[in-house]
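Coordinates in review
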Amino acid sequence: MHAFDILGDPVRRRILELLADGEQTSGAITDVIRAEFGLSQPAVSQHLRVLRDSGFASVRAEGARRFYAVAPAPLSEVDAWLDRFRRLWEQRLDALATELARGRRAARTPAGGEPTRPAESGTDADKTDPSARGT
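Quick caveat: nothing in here was measured; it's all calculated off a predicted structure. (Residues numbered from 1 in each chain as written. Predicted model: local features only at pLDDT ≥ 70, side-chain atom pairs only at ≥ 80, totals over all residues. Heavy atoms only, no water.)

Any two packed helices are characterised by the angle at which their axes cross and by the distance between the axes. Closest axis-to-axis distance for the helix 3 (residues 26-37)/helix 4 (residues 41-53) pair is 10 Å, and the angle between their directions is 115 degrees. As for how helix 3 packs across helix 4, the hand of that crossing is right-handed. Here Ser26, Ile29, Thr30, Ile33 and Arg34 of helix 3 lie close against helix 4, whose contacting residues are Gln41, Val44 and Leu48. The residue inventory of the contact of helix 3 with helix 4, partitioned by class, reads four nonpolar, three polar and one charged. (Axes fitted to C-alpha atoms, helices over the stretch in contact; angles between N-to-C directions. Helix = DSSP H or I, 4+ residues; strand = E, 2+ residues; numbered from the N terminus. Left-handed = near helix turned anticlockwise from the far one by under 90°. Contact = heavy atoms within 4.5 Å. Nonpolar A, V, L, I, M, F, W, Y, C, P; charged D, E, K, R; others polar.)

Next up, the structure:
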């Protein structure tokens, strides 16, 4: 199964989100998924099996409990595929950052004047220059 086939399912994406926060027991995962998606325990187990079999999750047994964790290797396949497209949104994000910076500069500049600078409090200029105190 291809990585995007695995990630295309909202239940499996949610399970991976839960596992991104750290190792979880199958019972804890089942409780969340049942509450959010209304799935039965066997259905959640099937999603966990798909994640495990595809390499997206690892499992370790501790007595009768099963602990699941994210396995990062398949996510690198997704990242490599997305890398081809990353430049498309990075250019737009760079342009947005430029526009936001322009907006901040414009907000600090009074109409038709120089950019305002915060007054330096406690300087000798405040004590000796009457214009610095606004008088």
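That covers the picture; the talk isn't over yet.
The sheet built from three strands is open, its strands ordered 1-3-2 with antiparallel pairing. Unpaired on one side and paired on the other, strand 1 (24-25) and strand 2 (57-62) mark the two borders of the sheet. In this structure, strand 1 lies alongside strand 3 (residues 65-70), joined through two bridges in antiparallel fashion. Opposite Thr25, over in strand 3, you have Phe67 as the bridge partner. (Pairing = 2+ DSSP bridges.)

Right, let's get into the side chain of Thr25. Checked against the element boundaries, Thr25 lands in strand 1. Its relative accessible area of 16% is what places Thr25 among the buried residues. A polar side-chain atom of Thr25 sits 3.0 Å from the main-chain amide nitrogen of Ala28. In contact with Thr25, other than residues within four places in its own chain, are Arg65, Arg66 and Phe67. (Buried < 20%, exposed > 50% of the residue type's maximum accessible area, 1.4 Å probe, protein only. Polar contact = N/O pair within 3.5 Å; in protein donor to acceptor, adjacent residues only side chain to side chain.)

Judged by side-chain polarity, Trp89, Leu93, Leu96 and Leu100 come together as a nonpolar surface patch covering roughly 380 Å² of accessible area. Residue placement: Leu93 occurs in helix 5 (residues 73-108). (Patch = residues over 30% accessible without salt bridge, like charges linked within 9 Å, V, L, I, M, F, W, Y side chains within 5 Å. Areas by Shrake-Rupley, 256 points an atom, 1.4 Å probe, with all protein chains shown as cover. Salt bridge = Lys/Arg side-chain N within 4 Å of Asp/Glu carboxyl O.)

Right, let's talk about helix 3 for a bit. Between its terminal C-alpha atoms helix 3 stretches 16 Å, which fits the 16 Å expected from twelve residues at 1.5 Å a residue. Every buried residue of helix 3 is accounted for by Ile29, Thr30 and Ile33. Mapping the buried residues of helix 3 onto a view down its axis gives an arc of 100 degrees, with all of them on the same face. Exposed positions of helix 3 whose direction lies more than 90 degrees from the buried face are Asp31 and Ala35. (Expected span 1.5 Å × (residues − 1). Arc of directions from axis to C-beta.)

So, on to the pairing of strand 3. Across six bridges, strand 2 lies against strand 3 in antiparallel orientation. Its bridge partner lying in strand 3, Ser58 is registered against Ala69. Hairpin geometry of strand 2 and strand 3 is characterised by an intervening segment of two residues between the two adjacent antiparallel strands and by a positive phi of about 65 degrees at Gly63.

Counting 18 residues, the largest nonpolar core has Ile15, Ile29, Ile33, Leu51 and Phe56 as the members making the most contacts within it. Of all the secondary-structure elements, those providing two or more residues to this core are helix 1 (3-7), helix 2 (10-20), helix 3 and helix 4. The element contributing the most residues to this core is helix 2, with five residues. Setting aside its immediate chain neighbours within four residues, Phe56 contacts Ala3, Ile6, Leu7, Leu16, Leu51, Ala69, Val70, Ala71, Pro74 and Leu75. (Core = buried A, V, L, I, M, F, W, Y, C linked by side-chain atoms within 4.5 Å.)

As a further point, take the packing of aromatic side chains. Taken as a whole and assessed by the stated rule, the structure comprises two aromatic pairs. With 4.9 Å between their ring centres and 65 degrees between their planes, Phe4 and Trp81 make a pair best called edge-to-face. With Phe4 in helix 1 and Trp81 in helix 5, this residue pair connects regions lying 77 residues apart in the sequence. Classification of Trp81 by relative accessible area gives partly exposed; the value is 39%. With a centroid separation of 4.8 Å and an interplanar angle of 45 degrees, the aromatic rings of Trp81 and Phe85 are classed as tilted. Of this pair, Trp81 and Phe85 both sit in helix 5, separated by four residues, roughly a single helical turn. Overall, Phe85 belongs to the partly exposed group, its relative accessible area being 29%. Through a chain of ring-to-ring contacts, three or more aromatic side chains come together here, namely Phe4, Trp81 and Phe85. (Phe/Tyr/Trp six-rings, centres within 6.5 Å; stacked < 30°, edge-to-face > 60°.)

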